[in-house]
Amino acid sequence: MPISKRNREVTLSKTKKKGRVAKESLVNAIKEALDHYKTAYVFSFENMKNQKFKDFREQLNSSSRFFLGSNKVMQVALGRSPADEARPRLHKLSKLLRGDTGLFLTNLPKEEVERIFGEFEEHDFAKTGTLATEKIELKAGPLDQFSHEMEPFLRKQGLPVRLNKGVIELVSDHVVCEEGVPLSPEASRALRVLGVKMATFKLNLMCRWSEDEFEVYREGLDLSDSE
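A brief structural summary. Within every chain, residues take consecutive numbers counted from 1 along the sequence as written. Given that this is a predicted model, residues contribute local features only at a pLDDT of at least 70 and side-chain atom pairs are listed and counted only at 80 or more, while totals for whole chains, interfaces and linings are drawn from all residues. The side-chain quantities take in all heavy atoms of the structure and omit both hydrogens and water.

Another point: the overall build of the protein chain. Strands here are runs of E lasting at least two residues and helices are runs of H or I lasting at least four, both read from the DSSP assignment and numbered beginning at the N terminus. If you tally the helices and strands in the protein chain, you get seven helices and eleven strands. Under the scheme applied here, a residue whose accessible area is under 20% of the maximum for its type counts as buried, over 50% as exposed, and between as partly exposed, the area being computed with a 1.4 Å probe on protein chains only. Here the protein chain holds 227 residues, and 40% of them are scored as buried. By definition in these notes, contact holds between two residues if any of their heavy atoms fall within 4.5 Å. Within the protein chain, residue pairs in contact and separated by at least 24 positions form 76% of the contacts whose partners lie at least 6 positions apart. To be clear on the numbers: accessible area is Shrake-Rupley with a 1.4 Å probe, and residue cover counts the displayed protein chains and nothing else. Accessible surface computed for the protein chain: about 14,300 Å², of which carbon and sulfur atoms make up 48%.

This is the structure in structure tokens:
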């Protein structure tokens with residue numbers, strides 16, 4: 001017997017849309033932070049690793065604050081033109097919030113910030129689609145580092161392997177990846193089990209703002225108006 005639609009339970013509570021609230025909260029947080037920190041930086045990032053970024057951020061909690069989110073929302077908070085900027089010249093900082101970028105506000109000296117960002121570098125396993133930084137080729141022969149249970153997995157990643165008296169053997173030379181070529185899902189997984197790390201998580205300073213100065217760290221940055 002079909003279930004009666006009349007007996008269907010209906011929840012009367014509504015899920016509150018947090019999109020606009022979150023945007024307003026980010027804008028207000030940035031504007032408030034501008035009152036507490038003397039200097040602001042825009043930084044770009046490569047191969048973001050959330051936990052490692054969290055650890056890095058926590059090391060600077062006492063003197064600084066990071067903001068990651070919608071670039072357009074952060075631009076609104078800073079101001080996108082001289083007419084609406086929160087502080088003089090902040091619209092120049094705003095223009096560089098494009099792509100994989102974030103905002104860093106701090107009371108640390110300029111030299112200290114440059115040292116901290118310059119020294120930060122974390123190596124990790126590369127994801128699918130990442131450009132290989134080198135050619136990895138395996139020569140035919142036994143793969144003693146793997147237990148025999150790994151043979152089916154390695155075969156699924158495209159490695160020409162077989163079991164020979166309980167030992168995994170590569171029956172012919174095999175190129176896992178070529179330098180400059182995007183990693184396939186199979187290559188990414190193979191590099192992980194081989195222990196080869198090709199991704200480097202870095203934070204690169206792009207520009208610096210203070211009440212009396214604006215400085216660009218990289219030549220050729222586009223300072224035209226943001227959309």
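From this point, the discussion proceeds with the structure in view.
Let us now look at the pattern of salt bridges. By definition, a salt bridge exists where a carboxyl oxygen of Asp or Glu is found within 4 Å of a side-chain nitrogen of Lys or Arg. Evaluation of the coordinates by the stated rule reveals 17 salt bridges. With its nearest N and O atoms 2.5 Å apart, the salt bridge here joins Arg-155 to Glu-151. Taken as a pair, Arg-155 and Glu-151 lie in helix H6 (residues 151-156) at a separation of four residues, close to a single helical turn. Here Glu-151 falls in the buried class, since its relative accessible area comes to 8%. Arg-208 is the salt-bridge partner of Glu-213, the closest N and O atoms lying 2.9 Å from each other. On the basis of relative accessible area, Arg-208 is assigned to the buried category, the value being 10%.

Lines fitted to the C-alpha atoms define the axes, with helices restricted to the stretch that makes contact. Angles between their N-to-C directions range from 0 to 180 degrees. Between helix H1 (residues 19-33) and helix H3 (residues 71-78), the least distance of the axes is 9 Å, while the angle of their chain directions is 45°. Overall, the two elements H1 and H3 adopt an arrangement that is oblique. Crossing hand, H1 versus H3: right-handed. Listed contacts from H3 to Lys-23, Leu-26, Val-27, Ile-30 and Lys-31 of H1 are Val-73, Met-74, Val-76, Ala-77 and Leu-78. Following the grouping adopted for this structure description, the nonpolar residues are Ala, Val, Leu, Ile, Met, Phe, Trp, Tyr, Cys and Pro, the charged ones are Asp, Glu, Lys and Arg, and the polar ones are all others, Gly among them. A class-by-class count of the residues in the contact of H1 with H3 yields eight nonpolar, no polar and two charged. Throughout, the term roughly parallel applies to angles under 35 degrees, roughly antiparallel to angles over 145, roughly perpendicular to angles from 65 to 115, and oblique to all others. Two helices cross in a left-handed way if the nearer one is turned anticlockwise from the farther one by less than a right angle. They cross in a right-handed way if the turn is clockwise.

What follows concerns unusual backbone geometry. The residue Arg-89 is not glycine, and still its phi comes out positive at about 75°. Of note, Arg-89 is situated in the loop between H3 and helix H4 (90-95). For Arg-89, a relative accessible area of 25% puts it in the partly exposed group. For Lys-165, which is not glycine, the phi dihedral falls at a positive 55°. Tracing the backbone through its elements, the reader meets Lys-165 in the loop between strand S7 (161-164) and strand S8 (167-170).

The next point concerns the environment of Glu-85. Inspection of the secondary structure puts Glu-85 in the loop between H3 and H4. Expressed as a C-alpha distance, the spacing of Glu-85 and Gln-75, which sit ten residues apart in the sequence, is 9.1 Å. Setting aside residues up to four positions removed in sequence, Glu-85 forms contacts with Leu-78, Gly-79, Leu-90 and His-91.

Pairs of strands are assigned from DSSP output, requiring at least two bridges between the strands. Taken together, three strands build an open sheet; the order of strands is S6-S8-S7 and the sheet is antiparallel. Here the strands that pair on one side only, and so sit at the sheet edges, are strand S6 (141-142) and S7. In terms of strand pairing, S7 meets S8 through four bridges, oriented antiparallel. Within the sheet, the bridge partner assigned to Asn-164 lies in S8 and is Val-167.

Grouped together as the largest cluster of nonpolar side chains are 24 residues, with contacts concentrated most on Ile-30, Val-42, Phe-67, Leu-78, Leu-93, Leu-103 and Leu-105. Counting only elements with at least two residues in this core, the list comes to H1, strand S1 (39-46), H3, H4, strand S3 (101-106) and strand S10 (199-210). Considering each element in turn, this core owes the most residues, five residues, to H1. What Leu-78 contacts, discounting residues up to four positions off in sequence, is Ile-30, Leu-34, Asp-84, Glu-85, Ala-86, Leu-90, Leu-93, Ser-94, Leu-97 and Leu-103. Listed in part, the 20 residues of the second largest apolar core include Leu-170, Cys-177, Leu-191 and Val-196. The set of buried Ala, Val, Leu, Ile, Met, Phe, Trp, Tyr and Cys residues whose side-chain atoms join them within 4.5 Å is what this entry labels a nonpolar core.

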